[in-house]
Amino acid sequence: MNSRNRSALIIGGGIIGCSIAFELLRAGIQVTLIDKGALNKEASTAAAGMLGAQVEMHHPGAFYELCEWSQQLYHKWTEDLLQTGGISPQYIEKGILRAAFTEEDELELRSRLPWIHNAEWLTSKEMRTIEPGLSRDIRGGLRFQQDHQVHPVQLALALQASILRLGCEIREWTPAFSLIEHNGRIQGVRTADGELLADQVILASGAWASALTEPFGLKLQLFPVKGQCISLRTAAPIISSTVFTKGCYIVPKLDGSMIIGATQEECGYDKRCHASVIGSLHSAATQLLPELDHAEFVSTWAGLRPGTPDGLPYMGQSVKMPGLIIAAGHYRNGILLAPATGKLIKQLIMDEPTSINLSSFTPDRVLAPVQ
Ligand code: FAD
């Protein structure tokens, strides 16, 4: 069968489902994308948009390799989205400054230098030469020149416009109730509108993905990790790069606002925001950038990261569920990993060799807790 005659059904229209749809459509596959609500209203548009392949990494390995590859794909990928759908994801190439306030934090950051790429240690004065608004109390920090950023809401709009333009059939407000198995293969889903069948079914439903695999004996260890954020604005811009310290980051956006995040809470599917968290995020941000003391409050929100015990996503097929490809559990890095995930899942479906060895990400791996 050539790709023109092949069909794919994607469950979950967040950044991961939409990125997979984009690559499959570009390969000529017919795609239906379903979501329980409107597209991109869960974790993906709650994100800050950092592409932190370096800043997020605490040890080398397969995950670092995946993150770096996705980061390298970003520039061209955002240009392709702009060209296809006419909307810019606001990719900003300004890097991240990761500041240390304590000796312990400085030692942890310096211990990454032997293996991390594109990073250099800067003194406090050197950091403040790049970002004069930073606190004088910082001891110095790491500069990650390749850790750029996008605006997640703009990225979502760019992907949605692009997949529509390429002919994707989008069915919003269509929850997948259960998967359909026939002749030992997953072949579709049951929805309120009836059964939807396709040659290939892809599960990209973020923190909700395990509910559909459990009836088949596949207990994916996936859980929601709530992140609350706030957005502030100052009369004039006070930073141009993203600034980050232990427990807090500040990401400046083109509209003059700054996203400040984020909590890490394991409290089920509760997305309520709390006044005390707004206060503590503001205090942490003001410690790093004192001028934020007088900033205007813009908004607050929360999203549910799809967490896994080892912090790595699930990508690939399980031996327990032939016919189903899983792409879920991108935890803190789903925005960064979107282009790589789209391309890798397309490669699996087209029976092409994958650009990254996916054995570390198999849904059948035995999971150890995060160190
Ligand atoms: P989601 O965006 O949650 O999408 C899953 C979709 O599946 C949803 O639309 C949902 O409605 C749908 N769905 C669920 N169940 C069903 C069903 N049964 N049938 C149909 N549809 C269903 N990542 C970064 O790379 N950089 C960052 O700076 C960053 N910051 C973050 C800050 C916060 C506060 C949070 C919460 C996350 C952040 N992340 C960041 C992580 C990133 O947002 C996630 O990893 C990513 O959005 C996961 O995308 P997803 O498409 O898998 O999940």
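Residues numbered from 1 in each chain as written. Predicted model: local features only at pLDDT ≥ 70, side-chain atom pairs only at ≥ 80, totals over all residues. Heavy atoms only, no water.

Caption draft 1: The packing of aromatic side chains, seen in detail. Summed over all chains, the structure comprises five aromatic pairs. Seen in terms of ring centroids, Tyr64 and Trp115 are 5.5 Å apart; in terms of plane orientation they differ by 85°. Their pairing is edge-to-face. Of this pair, Tyr64 sits in helix 3 (residues 62–85) while Trp115 sits in the loop between helix 4 (103–111) and strand 4 (119–123), placing them 51 residues apart in sequence. Each member of the pair, Tyr64 as well as Trp115, is classed as buried. For the pair Trp208 and Tyr269, a centre-to-centre distance of 5.6 Å together with 35° between the ring planes defines the contact as tilted. Placement of Trp208 in the loop between strand 10 (200–203) and helix 7 (210–213) and of Tyr269 in the loop between strand 14 (257–261) and helix 8 (275–288) is noted, with a sequence separation of 61 residues between them. Residue class for Trp208 comes out partly exposed when judged on its relative accessible area of 26%. Taken together, Tyr74, Trp77 and Tyr91 form an aromatic cluster joined through their ring pairs. Note that Lys36 overlies the ring of Trp208, its terminal NZ or CZ placed 4.5 Å from the centroid. Directly above the ring of Trp121 sits Arg110, whose terminal nitrogen or CZ lies 4.1 Å from the centroid. (Phe/Tyr/Trp six-rings, centres within 6.5 Å; stacked < 30°, edge-to-face > 60°. Helix = DSSP H or I, 4+ residues; strand = E, 2+ residues; numbered from the N terminus. Buried < 20%, exposed > 50% of the residue type's maximum accessible area, 1.4 Å probe, protein only. Lys NZ or Arg CZ within 6 Å of the ring centre and 35° of its normal.)

Caption draft 2: Examining helix 1 (residues 15–26) more closely. For helix 1, spanning 12 residues, the distance from its first C-alpha to its last is 16 Å, which sits close to the expected 16 Å at 1.5 Å a residue. Counting buried residues along helix 1, 11 of its 12 residues qualify, which places the element largely inside the surrounding structure. Three or more residues of helix 1 are buried, namely Ile15, Ile16, Gly17, Cys18, Ser19, Ile20, Ala21, Phe22, Glu23, Leu24 and Leu25. Among the residues trailing helix 1, Gly28 stands out with phi positive, at a value near 90°. (Expected span 1.5 Å × (residues − 1).)

Purely geometric stuff here, so don't read any function into it on its own.
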